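# Architecture and fold: a report
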Amino acid sequence: MLTLTAADPPPAVAIMEVAQIQPDQYDQAAYEATSGIIDIPLNPGTAELLKNMNLSLVGGDGTKYLDEAPLRAIPSEPNLYLNEGDTHITTVRVFDRGVPAGPGVNVTMSELGAGQNTGVTLSTDATGIVRFPLSATQGSVTGLVFQPGDNPKLPVTNRAFDTQTYTYMYLRVLPAEADIGAMDPTWDNVHNFVLSNWEAMAPCMDNWLLLGDEHQVKSYANVIRKLTDPANFELFRFMPVTRDMTIGQRTLLYNFLNDAIVTKAVVGASPGLMAKAEAGRDFDKLSRSMRAP
């Protein structure tokens, strides 16, 4: 049998029993029937009393299996992509027992896997939001952990990290690769330093566009520009799906595509007619036709 208890937040020590949970409420059959969810009815008076108390689930021998964490800090950007040299302010929303917290709640941001007891602590505003400034100094992938309250556990080592306890985000900084952006926009450079990786990682693209074919890449220059446009970064059709095209790679690619677009405009239809034809293209039909024998 399990017992659901409630206690006043420290330093108070008052504890009350809320309910007893019988084994047939959490055995395998019950779990399969309710996905592990147990409903405990409370009268209005008890619900009001528990509003500011911490819940625990205790076994018959006194072992605590679950302790409520009243505060929860949730980053608004669980995966953030920045370019080298960017600055950004990320927001973290703090909830107190599921309700937006008020002002003055400390939140500590620390690096996952750090070997030292370091972190940055800031406080929530009147809406329960805290804003952390971030700087993208060099290409890297960093896990950032957020702990609300006055006693963060530092350092947050990889071994101690528990996704059930801590909330976190990943900061992915793409290197500038200015040297690639400065290369001559030849096909060899574009394929070797931009397209070849995604040609290898996503061979299913061959059903629609051969990234190793200079003629096809030039023919669909307008489409490729649209698919790789940073303005479409959050759209499902953004390419590459790995989202790791650097500024330097995009610069080299666009220099190459610009040359292709200019050449096509000179020897073929006018830019206005090309844009009209592009807008009217049926991409589903095109994809199916390229899959055909």
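Calculation criteria
- Here, residues in each chain are numbered from 1, in the same order as that chain's written sequence.
- The predicted nature of this model means local features are confined to residues of pLDDT at least 70 and side-chain atom pairs, given and counted, to a pLDDT of 80 or more, with totals for whole chains, interfaces and linings taken over all residues.
- Heavy atoms from the whole structure form the basis of all side-chain values; hydrogens and water molecules are not counted.
- Among buried residues, those of type Ala, Val, Leu, Ile, Met, Phe, Trp, Tyr and Cys that are joined through side-chain atoms within 4.5 Å constitute a nonpolar core.
- Accessibility here uses a 1.4 Å probe with only protein chains present; expressed as a share of the type maximum, an area under 20% marks a residue as buried, one over 50% as exposed, and anything in between as partly exposed.
- Counting from the N terminus, the helices are DSSP H or I runs at least four residues long and the strands are E runs at least two residues long.
- Note on definitions: a residue-residue contact is assigned when non-hydrogen atoms from the two residues lie within 4.5 Å.
- One number per residue, pLDDT, summarises how confident the predictor is, and it ranges from 0 to 100.
- Pairing between two strands is assigned when DSSP locates at least 2 bridges connecting them.
- Fitting a line to C-alpha atoms yields each axis, with helices limited to the stretch in contact; the angle taken between N-to-C directions then spans 0 to 180 degrees.
- Residue count minus one, scaled by 1.5 Å, sets the expected span of a helix.
- Note that bend, as reported per residue, equals the angle between axes fitted to the 7 residues terminating at that residue and the 7 residues originating from it.
- The salt bridge definition used is simple: a Lys or Arg side-chain nitrogen within 4 Å of an Asp or Glu carboxyl oxygen.
- Here the aromatic set is Phe, Tyr and Trp, taking the six-membered ring for Trp, and pairing holds for ring centres within 6.5 Å; pairs whose planes are under 30 degrees apart are stacked, those over 60 apart are edge-to-face, and all others are tilted.
- Two thresholds decide whether a charge sits over a ring: the Lys NZ or Arg CZ must be within 6 Å of the ring centre and within 35 degrees of the ring normal.

Right, let's get into the nonpolar core. General note: in soluble globular proteins, nonpolar side chains tend to be found buried as a group. One finds Val194, Leu195, Val217, Leu253 and Leu257 to be the most contacted residues of the largest nonpolar core, which totals 24 residues. Looking at this core, the element that brings in the most residues is helix H7 (residues 247-267), giving seven residues. With residues up to four places along the chain from it excluded, the contact list for Leu257 reads Val217, Ala221, Ile224 and Arg225.

Attention now moves to the confidence of the model for the protein chain. Low pLDDT marks regions whose predicted coordinates should not be analysed in detail. The predicted model of the protein chain has a mean per-residue pLDDT of 87, with 89% of residues at 70 or higher. Counting interchain partners and residues more than four positions distant, the pLDDT-below-50 stretch residues 269-278 has nine contacts.

Strand order in the open sheet formed by five strands is S6-S13-S12-S9-S10, and the pairing between neighbours is mixed. Of all the strands in the sheet, the pair left with one neighbour each is strand S6 (79-83) and strand S10 (120-123). Ignoring strand direction, the axes of neighbouring strands in this sheet form an average angle of 25°. Where strand S9 (residues 106-111) meets S10, four bridges bridge the pair, whose relative direction is antiparallel. Across the sheet, Val107 pairs through a bridge with Leu122, a residue of S10.

Strand order in the open sheet made by the four strands is S2-S1-S3-S4, with antiparallel pairing throughout. Strand pairing shows two members of the sheet lacking a second neighbour, strand S2 (15-21) and strand S4 (64-67), which therefore form its edges. Each neighbouring strand pair of the sheet contributes to a mean axis angle of 25°, computed without reference to strand direction. Pairing geometry for strand S1 (residues 2-7) and strand S3 (residues 54-59), over six bridges, is antiparallel. The residue bridging Thr5 from the neighbouring strand is Ser56, located in S3.

All right, on to helix H4 (residues 187-201) then. Between its first and last C-alpha atoms H4 spans 19 Å; for 15 residues at 1.5 Å apiece the expected length is 21 Å, and the two agree. A bend of about 60° at Leu195 is the largest found in H4. The set of residues buried in H4 consists of Trp187, Asn189, Val190, His191, Val194, Leu195, Ser196 and Trp198.

Right, let's talk about the pattern of salt bridges for a bit. Going through the model one piece at a time under the given rule, you end up with six salt bridges. With a shortest N-O distance of 3.0 Å, Glu214 and Lys218 are connected by a salt bridge. You can see Glu214 and its partner Lys218 sitting in helix H5 (residues 214-219), four residues apart, about one turn around the helix. The partner of Arg243 in a salt bridge is Glu234, with the nearest N and O atoms 3.7 Å apart. Here Glu234 falls in the exposed class, since its relative accessible area comes to 62%.

It is worth spelling out the packing of aromatic side chains at this point. Each aromatic ring pair is specified by the distance between its two centres and by the angle formed by the two planes. Scanning all chains against the criterion turns up seven aromatic pairs. An angle of 50° between the planes, with centres 5.6 Å apart, marks the rings of Phe132 and Phe146 as tilted. Taken together, the residues Phe132 in strand S11 (residues 129-135) and Phe146 in strand S12 (residues 140-148) connect sequence positions 14 residues apart. Just as Phe132 is buried, Phe146 falls in that class too. The residue whose ring lies beneath Arg225 is Tyr254, and the NZ or CZ to ring-centre distance is 4.0 Å. Above the plane of the ring of Phe233 lies Arg243, whose end atom (NZ or CZ) is 4.8 Å from the centre.

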